[in-house]
Amino acid sequence: MEFGPMKALVYLGPRRMELQEARDPDPEAGEVVLETAAAAICGSDLHGFREASPRRVPPLVMGHEAVGRIVAVGAGVDPARLGERAVLRPILACGACEPCRLGRTNLCARGRLVGRDLAGAFAERLAVPASAAVPISAVVPDELATLTEPLANAVHVTARSVGAGDDVLVIGAGPIGTLMVRMALEHGAGRAFVADPVAGRRELARAQGAIPLESEDPATELLERTGGRGADVVIDAAGLEPTWALGLRAVRPGGRIEAVGLGAPAGRIDFFTVVGKEVTVTGSFAWTEPDFARALELVEQGAIDTAGWFTRLPLADGQRAFEELVDTTGRFKVVLVP
Ligand SMILES: [Zn+2]
Ligand SMILES: [Zn+2]
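### Here we look at the nonpolar core
Part 1: Judged by nonpolar contacts, the single largest core of 47 residues is most densely connected at V87, I136, L151, V168 and I235.
Part 2: Residue assignment places this core across two domains, with domain 1 (5-147 + 306-337) and domain 2 (153-283) each supplying three or more.
Part 3: Ignoring sequence-local partners within four residues, the contact set of V168 consists of V162, A184, A189, R191, A192, F193, V233 and I235.
Part 4: Listed in part, the 39 residues of the second largest apolar core include I41, F49, V77 and V326.

### Concerning the coordination of the zinc ion (ligand 2)
Part 1: Only C94 (SG), C97 (SG), C100 (SG) and C108 (SG) from the protein coordinate the zinc ion (ligand 2), and they sit 2.3 Å from it.
Part 2: Here the zinc ion (ligand 2) is ringed by four donor atoms whose angles at the metal span 103 to 121°, and the overall shape comes out tetrahedral.
Part 3: Mapped onto the sequence, the residues coordinating the zinc ion (ligand 2) show the spacing C-x2-C-x2-C-x7-C.
Part 4: Given the relative accessible area of 32%, C94 is considered partly exposed.

### Observations concerning the pattern of salt bridges
Part 1: In the structure shown here, the tally under the stated rule is 27 salt bridges.
Part 2: One salt bridge connects E35 with R125, and the closest N-O pair in it is separated by 3.0 Å. Taken as a pair, E35 in strand β3 (residues 31-40) and R125 in strand β8 (residues 125-129) lie far apart in primary sequence, 90 residues in all.
Part 3: The exposure class assigned to E35 is partly exposed, which follows from its relative accessible area of 35%.
Part 4: With a shortest N-O distance of 3.3 Å, R249 and D217 are connected by a salt bridge.

### A look at the packing of helix α4 (residues 148-161) against helix α10 (residues 289-300)
Helix-helix packing is described using two parameters, namely the angle between the two axes and the distance between the axes.
Part 1: Packing of α4 against α10 leaves a shortest axis separation of 8 Å and a crossing angle of 120°. Comparing their axes, α10 and α4 come out oblique. Taken as a pair, α4 and α10 cross one another with a handedness that is right-handed. For the pair α4 and α10, contact is made by T148, E149, L151, A152, V155 and H156 and by D291, F292, R294, A295, L296, L298 and V299, respectively.
Part 2: Along the lines of polarity and charge, the residues of the contact of α4 with α10 split into eight nonpolar, two polar and three charged.

### Describing the pairing of β8
Part 1: In terms of burial, β8 is largely enclosed, as four of its five residues are buried.
Part 2: Of the strand pairs in this sheet, β3 and β8 are connected by five bridges, and their pairing is antiparallel. Within β8, the residue paired with L34 across the bridge is L126.

### Here we look at the packing of aromatic side chains
Part 1: In total, this model carries four aromatic pairs according to the counting rule given.
Part 2: With 5.0 Å between their ring centres and 50° between their planes, W287 and F292 make a pair best called tilted. Across this residue pair, the class does not change: W287 and F292 are buried.
Part 3: For the ring pair W309 and F332, a centre distance of 5.1 Å and an interplane angle of 70° mean the geometry is edge-to-face. Placement of W309 in the loop between α10 and β16 (310-314) and of F332 in the loop between α11 (318-327) and β17 (333-337) is noted, with a sequence separation of 23 residues between them.
Part 4: Taking relative accessible area as the criterion, F332 reaches 8% and is therefore assigned buried.
Part 5: Taken together, the ring pairs connect F49, F122 and F322 into an aromatic cluster.

About the thresholds
- Residues numbered from 1 in each chain as written.
- Chains lettered and ligands numbered in written order.
- Predicted model: local features only at pLDDT ≥ 70, side-chain atom pairs only at ≥ 80, totals over all residues.
- Heavy atoms only, no water.
- Core = buried A, V, L, I, M, F, W, Y, C linked by side-chain atoms within 4.5 Å.
- Buried < 20%, exposed > 50% of the residue type's maximum accessible area, 1.4 Å probe, protein only.
- Domains from an automatic or database assignment.
- Contact = heavy atoms within 4.5 Å.
- Donors = N, O, S within 2.8 Å, 3.2 Å for Na, K, Ca; no water.
- Tetrahedral: all angles 85-135°; square planar, octahedral: opposite > 155°, others 65-115°.
- Salt bridge = Lys/Arg side-chain N within 4 Å of Asp/Glu carboxyl O.
- Helix = DSSP H or I, 4+ residues; strand = E, 2+ residues; numbered from the N terminus.
- Axes fitted to C-alpha atoms, helices over the stretch in contact; angles between N-to-C directions.
- Parallel < 35°, antiparallel > 145°, perpendicular 65-115°, else oblique.
- Left-handed = near helix turned anticlockwise from the far one by under 90°.
- Nonpolar A, V, L, I, M, F, W, Y, C, P; charged D, E, K, R; others polar.
- Pairing = 2+ DSSP bridges.
- Phe/Tyr/Trp six-rings, centres within 6.5 Å; stacked < 30°, edge-to-face > 60°.

Now the structure itself:
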């Protein structure tokens, strides 16, 4: 048992992160210690950084999109796993509650998330249940490996909502929206339109096969391009009053809106349109284990072209990295490296 200190990026409150010495984790029975090779900053981490959140209580080590190597195993874990390269599968579900029994582990009544309910990957090492460390091929670059978890979100949404030939509108071309574009096309969408005010982001979405809506009024442009019909499926990766309105204008009668983004907790929604168009509005949270497995398969196949996506920064620059992501749109996906 060693209790040497390690470095961890600790969230101390709104807009405050600090690199601190922390106790080196010791694996409990059934756990492994993962030595972090890279951990990406997620929009939900940014949300926690930007404002006080009841779900991310300081002091907290965030980080749930991570890849590393198993450097210690607890009692009951196969010692052959020592040295194994693994991605973090960060939702820890109980396996016994009603949603879990139905396979909807993302809705587990007692579900915990690494980097929110226990210490995460913005640290040199972390202890997690052995099942949360999933083997990944050595040939996948670290940055791409960290994309497995956000990609699983896109698999989750598109696998159930997008059908062959569908016109899809993705609102918001951040990393999640851009992955939604890629996965909508993977699941047979005829066209994937994208709306985002930032031109550089529309271009990254175009590189995934999207048709960017360039006008000031993307709903009208979408209606024109679909002969007045509208989109079969709208995926809202932003989640703000104006994007809810955009989605409702753009969706076809009888169409579907997948709400993914958490931009605002509440606001005005035009329910006359929900009723009048018979729109199905579905919330989407995270992913299930088959979604994660499919995302890992795609990552290992090199199916996602991520040119221009990643910025690698040392963990010690965490505060600056978070500030830049919150205050500017210059960076797309930042990966912190201990
Ligand atoms: Zn995430
Ligand atoms: Zn459960």
